[in-house]
Amino acid sequence: MLSKKALSINPSPTMAIDSKAKEMKSQGLDVIGFGAGEPDFDTPEHIREAAIKAINEGHTRYTPAAGTPELKEAVAAKLKRENDLSYEPNQIVISNGAKHSLSNIFTALLNPGDEVMIPVPYWVTYPELVSLNDGTPVAIETAEENGFKATLENLGKATNNKTKALVLNSPCNPTGQIYGEEELRRIADFCSDNDIYIISDEIYEHLIYGDHRQTSTASFSEKARELTIIVNGVSKSYAMTGWRIGYTASTPEIAKVMSSIQSHTASNPNTIAQKAAVAALNGPQQCVEEMRIAFDKRRKYMYEQVTAIPHLHALEPQGTFYMFVSVKEAIGKTYNGTKLSSSDNFASLLLENRKVAVVPGTGFGAPDYIRLSFATSMDNIEEGLKRINSFVEDLQ
Ligand SMILES: *Cc1c(COP(=O)(O)O)cnc(C)c1O
């Protein structure tokens, strides 16, 4: 009998639909994928060059487990420059991607039975990582009318003496929505009053559109800063998903515990990728803005088109490269005699009949929605949305 805990973990559903679409593509089928959870751009050249240089200069050995002093300093400088937050290098831990950072955080914080509040819809990994670390994920209901954001009322109802942490992800995957500064301040005050850690996943902070701004709860007060653990990384901002570099900023005490955990579970993150991440953080930032502008064009186009499709509606994405689309009105209708019972079979019928891959909301805790990624070319978006439109028009 294998570990009961391990057997209770579901494989990532976002990766599942992506691999099914890739498999159909490899069979020569003309599949349009809206499942991508990563930028479709290449890593910028000066970052790639830094990695090649690192290899040729012999940076191929172990580094300290929590990352090189050089990269920790680059992260601290970034937090100062972009977020006006002062952290010392001993408060930074570099890991194998932000996902790994999150895993370290839950291992460092949770005792058996500790509760972690997670606003719904949530990134699929949060509840699974909490469970893997013997914690209890507690879903916090939100309303679309309120931008899918947690309210003090719902946080208050869920809080008890086992509540250890709250996960905030702004800009949010999958909803594309951003918490405003005042909303965040109230949440930070609430968490400070109740000694609740705030795990602030800021991985999409550079992908923000229009007048929206990203703020970190760490900036509000000394107490809020002690309770906030910032999670970030280079994957989404610099098109570096495959390089696997993420980081945290926290109190020195939490950072020390996470370093010890990592020293036994993973040792240091890839030495060459750390050099590349230094080049990303310290180098020219123009590439980030260029990618953001490209995403913004696609975002506007997608929002315009999707809102014109019958039975579908969505909030305009404020950040990320996702649009979270309600299919509630389509559920209950039939396609060719098959009844649509949830976004799961909406997605599978769409893939089978129109060769368009979308991610059903079930894995995000929101079964009436699908997630469309605009991290794909304008041509794909155009063609894919035409197909979705014709699929929806065939519903009876
Ligand atoms: C992509 C993503 C991450 C993880 O990124 P890494 O590649 O592991 O650095 C973390 N949080 C959210 C919400 C994401 O979408």
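Because the structure is a prediction, the values reported are computed rather than measured.

Asks: Looking at this model, I keep getting lost on the site of the ligand. Mind explaining?
Replies: Close contacts around the ligand come from 13 residues, with Ala98, Asp201, Tyr204, Lys236 and Arg244 the closest. In the model, a nitrogen atom of the ligand is placed 2.6 Å from a nitrogen or oxygen of the Asp201 side chain. With respect to the ligand, the side chain of Arg244 contributes an N or O atom lying 2.7 Å from an oxygen atom. Starting from 390 Å² of accessible surface for the ligand in isolation, the protein chains cover 94%. Each residue belonging to the shell around the ligand can be placed in one class, and the counts come to 5 nonpolar, 4 polar and 4 charged.

Asks: Can you walk me through the sheet that holds strand 2 (residues 92–95) in this structure?
Replies: The strands that make up a sheet are held in pairs by hydrogen bonds between backbone atoms, and each pair lies either parallel or antiparallel. Taken together, the 7 strands give an open sheet; going across it, the order is 2-8-7-6-5-3-4, and neighbouring strands pair in mixed fashion. The two strands at the open ends of the sheet, each matched to only one other strand, are strand 2 and strand 4 (136–140). Recorded for the sheet is a direction-independent mean angle of 20° between the axes of neighbouring strands. Across 3 bridges, strand 3 (residues 115–119) lies against strand 5 (residues 163–169) in parallel orientation. Note that in strand 5 the partner of Met117 across the bridge is Leu166. Its contacts with the sheet place helix 8 (residues 181–193) against strand 3, strand 5 and strand 6 (197–201), and it is angled at close to 165° to strand 5.

Asks: What is the right way to look at helix 12 (residues 286–308) in this model?
Replies: Think of an α-helix as turning once every 3.6 residues; residues three or four places apart then point the same way. Counted at 1.5 Å a residue, the expected span for helix 12 with its 23 residues is 33 Å, and the 34 Å between its end C-alpha atoms agrees. Among the residues of helix 12, Cys287, Val288, Met291, Arg292, Phe295, Asp296, Arg298, Arg299, Tyr301, Met302 and Val306 are the ones counted as buried. Packing partners of the buried residues in helix 12 comprise helix 3 (45–56), strand 10 (322–326), strand 15 (369–373) and helix 14 (378–393).

Asks: What should I look at first to understand unusual backbone geometry in this one?
Replies: Glycine aside, negative phi is the norm for most residues, and most peptide bonds take the trans geometry. Cis geometry is found at the peptide bond from Val120 to Pro121, where omega equals -5°. Counting through the fold element by element, Pro121 comes out in the loop between strand 3 and helix 6 (125–132). Cis rather than trans, the peptide bond between Ser170 and Pro171 has omega equal to -5°. Topologically, Pro171 is positioned in the loop between strand 5 and helix 8. Its identity as a non-glycine residue notwithstanding, Arg244 has a phi of 65°, on the positive side. Residue position: Arg244 is located in the loop between strand 7 (228–233) and strand 8 (246–249). For Asn336, which is not glycine, the phi dihedral falls at a positive 50°. In this fold, Asn336 is placed in the loop between strand 11 (334–335) and strand 12 (338–339).

Asks: Would you mind showing me how to read the packing of aromatic side chains here?
Replies: Aromatic ring pairs: the centre-centre distance and the angle between the two ring planes describe each pair. Evaluation of the coordinates by the stated rule reveals 13 aromatic pairs. Arranged with centres 5.5 Å apart and planes meeting at 85°, the rings of Tyr204 and Phe321 form a pair that is edge-to-face. In this pair, Tyr204 sits in the loop between strand 6 and helix 9 (222–227) while Phe321 sits in the loop between strand 9 (313–314) and strand 10, placing the two residues 117 residues apart along the sequence. Each member of the pair Tyr204 and Phe321 is classed as buried. Judged by centre distance (5.8 Å) and plane angle (80°), the ring pair of Tyr204 and Tyr322 falls under edge-to-face. One end of the pair, Tyr204, is in the loop between strand 6 and helix 9; the other, Tyr322, is in strand 10, with 118 residues separating them in the sequence.

Asks: I tried to follow the sheet that holds strand 10 on my own but got confused; where do I start?
Replies: Read from one edge to the other, the open sheet built from 4 strands follows the order 9-10-15-14, with strand pairing classed as antiparallel. Each edge of the sheet is formed by a strand with only one pairing partner; in this case those strands are strand 9 and strand 14 (359–360). Here strand 10 pairs with strand 15 via 5 bridges, running antiparallel. Bridging from a neighbouring strand, Val325 pairs with Ile370 of strand 15.

What counts and how
Sequence order as written defines the numbering, with residues in each chain counted from 1. Since the coordinates come from a predicted model, pLDDT governs what is reported: local features require at least 70, and pairs of side-chain atoms require 80 or more to be given and counted, while whole-chain, interface and lining totals use all residues. Values reported for side chains reflect all heavy atoms of the structure, with hydrogen atoms and water molecules removed beforehand. Any residue with a heavy atom lying within 4 Å of a molecule or strand is counted as near it. We define a polar contact as two N or O atoms separated by no more than 3.5 Å, with the added condition that, inside protein, one atom must be a possible hydrogen donor and the other a possible acceptor, whereas residues neighbouring each other in sequence contribute only through side-chain atom pairs. Residue-level accessible areas treat just the shown protein chains as cover; the underlying method is Shrake-Rupley with a 1.4 Å probe. Any residue outside Ala, Val, Leu, Ile, Met, Phe, Trp, Tyr, Cys, Pro, Asp, Glu, Lys and Arg is labelled polar, Gly included; the first ten of those are nonpolar and the last four are charged. The pairing criterion for strands is at least two bridges between them, as found by DSSP. Segments assigned H or I by DSSP are reported as helices when at least four residues long, segments assigned E as strands when at least two residues long, and all are numbered from the N terminus. Note on geometry: axes are C-alpha line fits, over the in-contact stretch for helices, and angles between N-to-C directions span 0 to 180 degrees. The criterion used for residue contact is that any of the two residues' heavy atoms lie within 4.5 Å. To estimate how far a helix should extend, the number of its residues minus one is multiplied by 1.5 Å. A 1.4 Å probe rolled over the protein chains alone gives each residue an accessible area, and that area as a share of the maximum for its type sets the label: buried under 20%, exposed over 50%, partly exposed in between. A pair of Phe, Tyr and Trp rings is counted when the ring centres sit within 6.5 Å of each other, with Trp represented by its six-membered ring. The angle between the planes then sorts it: under 30 degrees is stacked, over 60 is edge-to-face, the rest tilted.

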